[in-house]
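Observations on the model geometry
Now for the letters of each chain:
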Amino acid sequence: MPTVINREDIAQYIGFQAEPTQWHTITQTQINQFADCTLDHQFIHVDEEKAKATPFGCTIAHGFLSLSMLSHFAEDFSVIIDGFYMGLNAGFDKVRFLQPVTVNSRVRAHAKILSIEEKKPGQFRLSTEVTVEIEACDTPALVAQWISVQMVK
């Protein structure tokens, strides 16, 4: 559930760390559907037999699949400014893929607000550091600095 804040309280939310999201299991079906969508059918993602011979011992999710999960996880970790009516993805300042996500792994996101700036009246730019954790793994799948824009009435 997003955290709703008042404009007057924005400064208090710089550095705010949201609760971790719910766990999500990355299935072979999801990996295959992502491969079909992106036309990236590299064997390490979709060929379960060939992937057994790799150092991972199984298929792995595309790095971009892990990154695309941020849209899903944002439903839980977002900070929303009161009066919000529309949000836009403005990209990333930094993305690092640190650990492959093997099939059937569970992942979740941790998010920390780095900045919130009003660029124009009613238009706020948020920078959020997001870490995607893999259950029972010391190294995260990825760390990203995600930029979004919120339109506020």
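Report on the accompanying structure. Residue positions are counted from 1 within each chain, in the order its sequence is given. With pLDDT at 70 or above as the cut-off, local features in this predicted model cover only qualifying residues; side-chain atom pairs require 80 or more to be listed or tallied, and sums for whole chains, interfaces and linings still use all residues. For side-chain calculations, the full set of non-hydrogen atoms in the structure is used, while hydrogens and water are omitted.

Overview of the packing of aromatic side chains
Centre distance within 6.5 Å is the pairing criterion for rings of Phe, Tyr and Trp, where only the six-membered ring of Trp is used; planes under 30 degrees apart are then read as stacked, over 60 as edge-to-face, and the remainder as tilted. With the rule as written, the count across this model stands at four aromatic pairs. One aromatic cluster is present, formed by Phe77, Phe92 and Trp146 through successive ring pairs. In this structure, lysine 50 packs its charged tip against the face of phenylalanine 43, placed 4.9 Å from the ring centre. We call a charge positioned over a ring when the NZ of a Lys or the CZ of an Arg lies within 6 Å of the ring centre and within 35 degrees of the ring normal.

So, the pattern of salt bridges
One speaks of a salt bridge when a side-chain nitrogen belonging to Lys or Arg is within 4 Å of a carboxyl oxygen belonging to Asp or Glu. The final tally for this structure, using the stated rule, is five salt bridges. Where arginine 108 meets glutamate 133, a salt bridge forms, and the shortest distance between an N and an O atom there is 2.7 Å. Of this pair, arginine 108 sits in strand S5 (residues 106-120) while glutamate 133 sits in strand S6 (residues 123-134), placing them 25 residues apart in sequence. Among the residues examined, glutamate 133 registers a relative accessible area of 21% and is labelled partly exposed. Among the salt bridges present, the one from glutamate 117 reaches lysine 119, with a minimum N-O distance of 3.4 Å. Working definition: with a 1.4 Å probe on protein chains only, accessible area under 20% of the residue-type maximum means buried, over 50% means exposed, and in between means partly exposed. Given the relative accessible area of 34%, glutamate 117 is considered partly exposed. Each helix is a run of H or I in the DSSP string that is no shorter than four residues. Each strand is a run of E no shorter than two, and both are numbered from the N terminus.

Things to note about the packing of helix H1 (residues 28-38) against helix H4 (residues 63-77)
The relative placement of two packed helices comes down to the angle between their axes together with the axis-to-axis distance. Here an angle of 0 to 180 degrees is reported between the N-to-C directions of two axes, which are lines fitted to C-alpha atoms, with helices fitted over the stretch in contact. Contact geometry for H1 and H4: axes closest at 10 Å, N-to-C directions at 100 degrees. With respect to each other, H1 and H4 are oriented roughly perpendicular. For the pair formed by H1 and H4, the contact residues are Gln30, Ile31 and Phe34 on the first element and Phe64, Leu65, Ser68 and Met69 on the second. Side-chain classes are defined by residue name, with Ala, Val, Leu, Ile, Met, Phe, Trp, Tyr, Cys and Pro counting as nonpolar, Asp, Glu, Lys and Arg as charged, and the others, Gly among them, as polar. In terms of residue class, the contact of H1 with H4 is made up of five nonpolar, two polar and no charged. Relative orientations are named as follows: roughly parallel for angles under 35 degrees, roughly antiparallel for angles over 145 degrees, roughly perpendicular for angles from 65 to 115 degrees, and oblique for any other angle. Contact definition: two residues touch when any of their heavy atoms are within 4.5 Å.

A closer look at the layout of surface pockets
A water-sized probe, rolled over the atoms, reveals where empty space remains. Lining residues are defined by having an atom within 4 Å of a point belonging to a cavity or pocket. Those points lie on a 1 Å grid over the protein atoms alone, cavities being sets where a 1.4 Å probe fits but cannot get out and pockets being open sets with protein on both sides within 12 Å along at least five of seven lines. Grid points are joined across faces, edges and corners, and a volume is the space filled by probe spheres set on the points. Taken as a whole, the largest pocket spans an internal volume of roughly 260 Å³. Along its surface, the largest pocket is lined by 16 residues, and Ala74, Ser78, Trp146, Ser148 and Gln150 are the ones closest to its centre. Within the residue set of the lining of the largest pocket, elements represented by two or more residues are H4, strand S3 (79-81), strand S4 (84-97), S6 and strand S7 (142-152). Lining the second largest pocket are 16 residues, and of these His45, Ala61, His62, Gly63 and Phe64 sit closest to its centre. Secondary-structure elements contributing two or more residues to the lining of the second largest pocket are H1 and H4. Here the lining of the second largest pocket gets three residues from one element, more than from any other, and that element is H4. Looking at the lining of the second largest pocket residue by residue, the classes come out as eight nonpolar, seven polar and one charged.

What is shown is where atoms sit, not what they do.
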